[in-house]
Amino acid sequence: MQLGPAPSPEAPPTSNSLPRHDTANRRPGRQDSGTDAGQLPREPRPSMDAVDATMEKLRAQCLSRGASGIQGLARFFRQLDRDGSRSLDADEFRRGLAKLGLVLDQAEAEGVCRRWDRDGSGTLDLEEFLWALRPPMSQAREAVIAAAFAKLDRSGDGVVTVDDLRGVYSGRAHPKVRSGEWTEDEVLRRFLDNFDSSEKDGQVTLAEFQDYYSGVSASMDTDEEFVAMMTSAWQL
């Protein structure tokens, strides 16, 4: 398959091109608010409705930035997690949001952190939070995203690299390859970077792939439209 100039992902691309990339239940957070013998009562957790409302507010702010809003936030927070702990405390979380121009007050930030505090440490589990932040998707949408990722992940190791892409797509038809400005591998790497929400390391995980398409999905009203776009884009 030739990798050439491609149209916007919001419209189904032609069958011989890729979408343009410029830009099932999970475990809930622990809800225990009881006390242990000899210990002071824990601070009560915020109501489900309060945290849900906060998440809706944050999701709306992200999506107002377009299809890549969720992906951009995921990329930013994964970069903030410099120690690789996959967690942030409430102050780090709130300051990070502020740098992106996304506003939560202290109580809202603490409520979100407590909801996704996996081990009682007072910190937010980053991957659980990002999963919850994605706009809800039907099983049909999740399945077609997983199918597209599986097609790219030729090695089956859960990570897509240039080597995987080289086995599926060709960049020879790209204008900059034809002109000699880029190599074919450079085209594939730049294409891959559009999905990479961490440090542009040439590796894309399923979570990063889902982050990207969660924003695209939110802009499409029907499952049929989304599935048709994905099927055409990735020749599934």
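Our structure's up above, just so we're on the same page.
Definitions and cut-offs
- Residues numbered from 1 in each chain as written.
- Predicted model: local features only at pLDDT ≥ 70, side-chain atom pairs only at ≥ 80, totals over all residues.
- Heavy atoms only, no water.
- Helix = DSSP H or I, 4+ residues; strand = E, 2+ residues; numbered from the N terminus.
- Buried < 20%, exposed > 50% of the residue type's maximum accessible area, 1.4 Å probe, protein only.
- Polar contact = N/O pair within 3.5 Å; in protein donor to acceptor, adjacent residues only side chain to side chain.
- Core = buried A, V, L, I, M, F, W, Y, C linked by side-chain atoms within 4.5 Å.
- Contact = heavy atoms within 4.5 Å.
- Phe/Tyr/Trp six-rings, centres within 6.5 Å; stacked < 30°, edge-to-face > 60°.
- Lys NZ or Arg CZ within 6 Å of the ring centre and 35° of its normal.

## Let's talk about unusual backbone geometry
Alright, step 1. With a phi angle near 60 degrees, R86 is a residue other than glycine that sits in the positive phi range.
Alright, step 2. Inspection of the secondary structure assignment puts R86 in the loop between α2 (69–80) and β1 (87–89).
Alright, step 3. Residue classification places R86 among the partly exposed positions, given a relative accessible area of 42%.
Alright, step 4. Unusually for a residue other than glycine, Q235 sits at a positive phi of about 50 degrees.
Alright, step 5. Note that Q235 resides in the segment after α11 (223–234).
Alright, step 6. Judged by its relative accessible area of 36%, Q235 falls in the partly exposed class.

## Some words on the environment of N194
Alright, step 1. Tracing the backbone through its elements, the reader meets N194 in the loop between α9 (184–193) and β4 (204–205).
Alright, step 2. In this structure the C-alpha to C-alpha distance between N194 and E208, which are 14 residues apart in sequence, comes to 9.8 Å.
Alright, step 3. Looking at N194, its side chain comes within polar contact range of the main-chain oxygen of R190, at 3.1 Å.

## Here's the deal with the nonpolar core
Alright, step 1. Counting residues in hydrophobic clusters, the biggest one holds 26 residues, and the most contacted among them are F209, Y213, F226, M230 and W234.
Alright, step 2. Elements that contribute at least two residues to this core include exactly α6 (139–152), α7 (162–166), α9, α10 (206–218) and α11.
Alright, step 3. Residues within four places of F209 in sequence aside, it is in contact with I145, A148, F149, L152, F195, V204 and W234.
Alright, step 4. Ranked by size, the runner-up nonpolar core spans 25 residues in total, among them V51, L97, L102 and A132.

## A look at the packing of aromatic side chains
Alright, step 1. What the rule picks out here adds up to 14 aromatic pairs.
Alright, step 2. Residues F209 and W234 carry aromatic rings whose centres are separated by 5.9 Å and whose planes lie at 55 degrees to one another, so their mutual orientation is tilted. Note that F209 is positioned in helix α10 and W234 in helix α11, a separation of 25 residues in sequence.
Alright, step 3. For F209, a relative accessible area of 1% gives the class buried.
Alright, step 4. Judged by relative accessible area, which is 0%, W234 ranks as buried.
Alright, step 5. Three or more aromatic residues joined by ring pairs make a cluster, and in this case those are F149, Y169, F191, F195, F209, Y212, Y213, F226 and W234.
Alright, step 6. One residue, R115, lies across the ring of W116, its end atom 5.3 Å from the ring centre.

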